[in-house]
Amino acid sequence: MATLEIKDLHADVVTDEGNKPILTGVNLTIRSGETHAIMGPNGSGKSTLSYAIAGHPKYEVTSGEVLLDGENVLEMSVDERARAGLFLAMQYPVEVPGVSMSNFLRSAATAVRGEAPKLRHWVKEVKDEMAQLEISSEFAERSVNEGFSGGEKKRHEILQMALLKPKFAVLDETDSGLDVDALRVVSEAVNEYKSGNEVGVMLITHYTRILKHIEPDFVHVFAGGKVVESGGKELADELEANGYVKYTTAEAAV
Ligand code: ADP
Ligand code: MG
Ligand code: MG
């Protein structure tokens, strides 16, 4: 079993006007096999948390730790993080003109696995996963994310996850921009990956609807740059009914 520990994490966003503190002491432990939903109002720092874990250059960790089985993730290069078993699906995936999906996926798999996947197996693996995610085969030759719709980008993120086989996956608003059918297809692929692999999932979401498809073991409320409450999946129902008002007013009063 693997463990991802986030301890008292503070981080700034780096802007032209200087640094702006966003994360104010995040504490969270995720074990492989568990799914944790992170829910919170817009602007509370959920994406910043995923960027900080990913090592995005626009986000600066000022104190605290992120440990994967005791290893300091924050000292690792972005490639090392991927090799260590972290997968980070971004809320706004980048476009890479001129690089085909199939080349991109094969290089990513080579980097993560430490050797190039055997071509015959690889082609079948990619084909099977694409079929499951209902991604048409023409996408293999298209440039990474270029001109993809929001829903197509999300499907490709999950395709990457299924192929890279991480120990921990941070999925940031995987449900945004998906219609009901796409949400079902994407959720089924995540669930299948979860059932076949010991993976810890951090599912960042604003809405409860994806949690009807991907069942969380734990739900955390994120407000003002940190986890302010944790519970089981019943907490999501409570949030659905009452919104985040309770947490944002408490924060405003501080
Ligand atoms: P969430 O994902 O919970 O909606 P974010 O992490 O995206 O929240 O944003 C947290 C706060 O950081 C917001 O107030 C947002 O405006 C600010 N922020 C995030 N990225 C930047 C940036 N690149 N420049 C300036 N402010 C930013
Ligand atoms: Mg966000
Ligand atoms: Mg599959």
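Naming follows an unreviewed UniProt entry, where the protein chain appears as Fe-S cluster assembly ATP-binding protein of Prauserella rugosa.

Chemist: Which parts of the structure should I look at to understand the overall build of the protein chain?
Modeler: Helix and strand counts for the protein chain stand at eight helices and 12 strands. Here the C-alpha radius of gyration of the protein chain, 18 Å, is about what a compact globule of 254 residues would show, namely 18 Å. In terms of overall dimensions, the protein chain has a C-alpha envelope of 60 × 40 × 40 Å along the principal axes. Residue burial in the protein chain is summarised as follows: out of 254 residues, 37% are buried. Taking the intrachain contacts of the protein chain between residues at least 6 apart in sequence as the baseline, contacts between residues at least 24 apart amount to 74%.

Chemist: Would you mind showing me how to read the environment of F168 here?
Modeler: Secondary-structure assignment places F168 in strand β9 (residues 168–172). With sequence-adjacent residues up to four places away left out, F168 is seen in contact with L4, I30, G85, L86, F87, V199 and G200.

Chemist: How should the environment of S44 be read in this particular structure?
Modeler: Its location among the elements puts S44 in the loop between β3 (35–39) and α1 (46–54). In this structure the C-alpha to C-alpha distance between S44 and E152, which are 108 residues apart in sequence, comes to 26 Å. Ignoring any residue separated from it by four or fewer positions in sequence, one finds S44 in contact with F222, A223, G224 and G225.

Chemist: Even after reading the chapter, I still don't get unusual backbone geometry, so can you show me in this structure?
Modeler: For residues besides glycine, phi is generally negative; the peptide bonds are generally trans as well. The phi angle at K165 is positive, at roughly 50°, despite the residue not being glycine. Position of K165 relative to the elements: it lies in the loop between α5 (150–164) and β9. Overall, the presence of 16 C-beta atoms within 10 Å leaves K165 in the partly exposed class. Positive phi outside glycine occurs at E173, with the angle close to 50°. For E173, the position within the fold is in the loop between β9 and α6 (180–196).

Chemist: What is the right way to read the packing of α5 against α6 from this model?
Modeler: Each pair of packed helices gets described by two things: the angle between the helix axes and the distance between those axes. The N-to-C vectors of α5 and α6 enclose an angle of 10°; their axes lie 10 Å apart at closest approach. Judged by the inter-axis angle, α5 sits roughly parallel to α6. Of the residues in α6, those in contact with G151, K154, R155, I158, M161 and A162 of α5 are A182, V186, A189, V190 and Y193.

Chemist: What's the story with the site of ligand 1 in this structure? I'm lost.
Modeler: The environment of ligand 1 is formed by 13 residues, the closest being G43, S44, K46, S47 and T48. The element that contributes the greatest number of residues to the shell around ligand 1 is α1, accounting for three residues. Class assignment of the residues belonging to the shell around ligand 1 gives a composition of two nonpolar, eight polar and three charged.

Chemist: Got a minute to help me understand the sheet that holds strand β2 (residues 18–31) in this structure?
Modeler: The pairing of strands in a sheet comes from backbone hydrogen bonds and takes either a parallel or an antiparallel form. Across the sheet, which stays open at both edges, the four strands sit in the order β2-β1-β4-β5 with antiparallel pairing between neighbours. Every interior strand has two partners, whereas the edge strands, β2 and β5 (71–72), have only one. Inspection of the sheet shows strand β4 (residues 59–68) paired to β5 by two bridges, in the antiparallel sense. Paired with L68 across the two strands is E71, which belongs to β5.

Chemist: Help me understand the pairing of strand β10 (residues 200–205) in this model?
Modeler: Where a strand is regular, its side chains alternate between the two sheet faces. Burial of β10 is extensive: six of the six residues sit out of reach of the surface. Residues G200, M202 and I204 point to one face of β10 and V201, L203 and T205 to the other, with burial holding for every one of them. Taken together, the five bridges between β3 and β10 define a ladder with parallel strand orientation. Paired with A37 across the two strands is L203, which belongs to β10. Crossover handedness for the path β9 to α6 to β10: right-handed.

Chemist: I would appreciate a short explanation of helix α3 (residues 101–113) in the present structure.
Modeler: Each turn of an α-helix holds 3.6 residues, which means side chains three or four residues apart point in the same direction. Across its 13 residues, α3 extends 18 Å between first and last C-alpha, which sits within 8% of the 18 Å expected from 1.5 Å per residue. The set of residues buried in α3 consists of M101, L105 and V112. Angular distribution of buried residues about the axis of α3 spans 35°; they occupy a single face of the element.

Chemist: Teacher, can you tell me more about the packing of helix α4 (residues 119–132) against α5 here?
Modeler: Relative to each other, α4 and α5 sit at 140°, their axes nearing to 10 Å. On the basis of the axis angle, α4 is oblique to α5. The way α4 lies across α5 gives a crossing that is right-handed. On α5, the residues that touch E125, V126, E129 and M130 of α4 are L159, A162 and L163. Along the lines of polarity and charge, the residues of the contact of α4 with α5 split into five nonpolar, no polar and two charged.

What counts, and where the lines are drawn
Residues numbered from 1 in each chain as written. Chains lettered and ligands numbered in written order. Predicted model: local features only at pLDDT ≥ 70, side-chain atom pairs only at ≥ 80, totals over all residues. Helix = DSSP H or I, 4+ residues; strand = E, 2+ residues; numbered from the N terminus. Rg over C-alpha atoms; globule rule 2.2 N^0.38 Å. Buried ≥ 20, exposed ≤ 12 C-beta atoms within 10 Å, placed from the backbone. Contact = placed C-beta atoms within 7 Å. Axes fitted to C-alpha atoms, helices over the stretch in contact; angles between N-to-C directions. Parallel < 35°, antiparallel > 145°, perpendicular 65-115°, else oblique. Near = placed C-beta within 6 Å. Nonpolar A, V, L, I, M, F, W, Y, C, P; charged D, E, K, R; others polar. Pairing = 2+ DSSP bridges. Right-handed = clockwise from strand over helix to strand, strands pointing away. Expected span 1.5 Å × (residues − 1). Arc of directions from axis to C-beta. Left-handed = near helix turned anticlockwise from the far one by under 90°.

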